[in-house]
Every structure is written in C-alpha cells, then in structure tokens.
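Geometric and topological summary
Here is how the chains run, residue by residue.
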Amino acid sequence: MPATIPVGKWQYTTVVVRDYRQVVCNFARFFGIDRWEVTRVDGKYLTGARFDGKPAQPRWISARGHSGQLGIELIQPVDGPSGYRAMLDSVGEGMYGVAASVCEPGQFETLQADLAAQGIGIRQSGTFFDAVDVYQLDTRDALSNVIVEVHCPRRADWQSRIHPHEVLQMDLNRLGPQFLPTQKMLHIGVVCKDRDRTKANLQKLFGMQRWIEFKIETGVSMEDTTYYGQPCYHAYDNHVGRLGELCFELITPRSDKCVYDEFLKERGEGMHHTFPTICSKEEFTARLPELEKHGMPVIQGGRIGDLMEYYYVDTRRYLPGITTEVVIPLRPDWLQLFFPNPEDASILTGN
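The sections below set out a description of the structure shown in this document. Along each chain, residue indices are assigned from 1 in the same order as the chain's sequence is written. In view of the model being predicted, local features appear only for residues whose pLDDT reaches at least 70, and side-chain atom pairs are presented and counted only at 80 or more, with totals across whole chains, interfaces and linings using the full set of residues. Side-chain descriptors were evaluated using all non-hydrogen atoms of the structure, hydrogens and water having been removed beforehand.

By salt bridge we mean one thing: a side-chain nitrogen of Lys or Arg within 4 Å of a carboxyl oxygen of Asp or Glu. Evaluation of the coordinates by the stated rule reveals 27 salt bridges. A salt bridge links D52 to R123, with the nearest nitrogen and oxygen atoms 2.9 Å apart. Of this pair, D52 sits in the loop between β3 (46-51) and β4 (54-55) while R123 sits in strand β8 (residues 122-128), and the two are 71 residues apart along the sequence. The partner of D306 in a salt bridge is R331, and the shortest N-O contact between them spans 2.8 Å. Of this pair, D306 sits in the loop between β19 (298-304) and β20 (308-313) while R331 sits in the loop between β21 (323-329) and α9 (334-338); the two residues are 25 residues apart in sequence, bridging distant segments of the chain. One salt-bridge network, held together by shared partners, links R195, D196, E213 and K215. A run of H or I in DSSP counts as a helix once it spans at least four residues, and a run of E counts as a strand once it spans at least two, with each numbered from the N terminus.

To count as a disulfide, a pair of cysteine sulfur atoms needs to be within 2.5 Å. By the definition in use, this model includes 0 disulfides. Here C192 is not disulfide-linked; the sulfur of C247 is the nearest cysteine sulfur, at 13 Å. Note on classification: 1.4 Å probe, protein chains only; a residue is buried when its accessible area is under 20% of the maximum for its type, exposed when over 50%, partly exposed between these limits. Its relative accessible area of 0% is what places C192 among the buried residues. The cysteine C279 is free of any disulfide, with C247 supplying the nearest cysteine sulfur at 18 Å. Take C279: its relative accessible area is 4%, and that puts it in the buried class.

Across the 7 residues that make up β19, a large majority, 5, are buried. DSSP calls a pair of strands paired once it identifies at least 2 bridges connecting them. As defined by bridge partners, β19 adjoins β20 across 6 bridges and the pair is classed as antiparallel. Its bridge partner being in β20, R303 is matched across the sheet by E309.

That is the geometry; function is a separate question.
Rendered as structure tokens:
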C-alpha cells in the first residue's frame, strides 16, 4: 500500500506577500499574534536549494507568528527562482500552502518514491541551517494549487537551530482591538473545479478519511443569500475533511454570482479563505463597523434555518489575497442539531 504523507501539528499556513513589513501588523492585529520571528533566507542559511528539479539560489524573507493552534508564515520573495516568486508573478499575493508534516529521512525516501509513482514530484527543496531538509511537494494539480511542505530533521534539536535574525514583538493594545475573536484555524477553504477529485487525492495522499458534505442552494438548504450586499441565488457543493489539526473545505460552485466563482475566474483553483472564528450575532454586529472602517465589508452571506448564519468578510486588502469566513450560531444547540453525530461536528470544530 502506498505511503501517506504524515500529518502532525499544523505548524503554519504560508502566505506570499510583496512586503512583509507593510502587512505584518495587520496579521498581528487580526489573528492576535504578538511575536513574529523574521528570518532572511539566502545561500548562507539555505544550502542545496532546488526549484523545479534544477539547482537554484533563491532568497526570501520569512516572518512566522503563532498564537495557540494558529500559525502564519509570511513569505516575501527577494530574488531567484522559487515557488513563492512564481505565485507572486502569476496570481499575486495570497495563501500558498500548509506545513503540517515532519518525516524522518528514511521514511521520506519511501514516501518520495510512492509519490513519484503517482505523478507528484518535488517543486522546491533545500537544507535550512544545516538542521532540516525542507521539501515542498508539487501537489498543485492533485490538491487544487495547495502546496504541501514536509520537514525532514537532520538532528533532534533541529527547531532550536533555526535562529531568527529579528524578533518583532507587537504591542497588540497599541495596534487596536482585535477585529474578531480568532480561536484557531478551523479550516482553510479551497476553491476547486472538481471537489470530488481533490477529496479523493487528499484521501489517498494523507489518509484523510473523515468528511462531511454540504449541498448548498438558495431556497433549498439556505436562505437570505447575498453577494456584495444584494440578494442573490447561490448554488455550490462542498466537502470538509479533517486529519488532526489539519482541515480543508473543498468548494465547487454551481452558480456564478458567488465568491467562489469570482475566485476561479480571477485566480483559478486555490486557497480562498481562512475560517478562524465562530462568534455570536451580537459580537459580530458590534464589530462589523470597525471591520468596515478598515475596508473589510461583508461580501457574501446566508442563513441555514434557525441554526446558523455565515458571512465572508473581504479581508483581501488587509490580509493580502485572503477572504475570511465567520460562522454565527443562532441557538445554543445549533451544532448538535446540524450534526447529530458528534464525530461529524468535530470535523467542523476540531474538538
């Protein structure tokens, strides 16, 4: 049986940006992350670098921040060929991939051979601080443009060997109140041309077997649907799958006036939104004016009976290329009524 990509702690979601200094305070305030470790990656700290099968000499700046189970890595390409530069030059800023896999070198050799047999190669690789080999699997076709990063330690203390060049300690109070409560990264929403194909590949590559499914249609399973503030017919299907902390929502639109179809037309398949918060109607209503003041209005929404509302907040300028999903329970027992099976509920919430 082919080896599967191991999944452990969801270390971070990688976001490609043009200038990390212009946006790091935005990410700090939005996600409540006060400490960011900045590393300038070049030939001194990155050796044996390869991109698309050829030796390369890329440089980039990495800024990583964590708050509980929520991790973000901002990547600013500097020069040289890399997956980050390729994304910036093609579709622009936005989410690039996920890091949730740590693999022993011998285990990775077996995994790499099995992946190659499935047509999945290595997009980018290199050794960092002589402590860990980092491989970015070329899962773009299989996983709707989501890149999977695998870490192969060369030594037991590999994490402590990676020294940041600068630590940015943010005073969150001075940045301003957090726009929304962010508990953890509940899932990443991925817009797919064919959600069933992407699901099958996640099952095969990760062994991700826990899934829930939704078929959304205005007037059938959802009401009060809007798009940029106007009433609108929505039809789309999604799968939500989880393996430990790592969770993806796969969405395929069946109607045109929705954020998913807009994303497909503008950028193609890819990582569309984060889902970091479940909050009350009162809390969301109270915080919406501050969001709008900073150029983050609601651009899509809907209601499922008396159970819940959902909204997409247009954070694409504040958090470059990223839309944010908010779920609002309308009654205390919404989750139990929505998902009578507690195991299904835990796929959505991660609890």
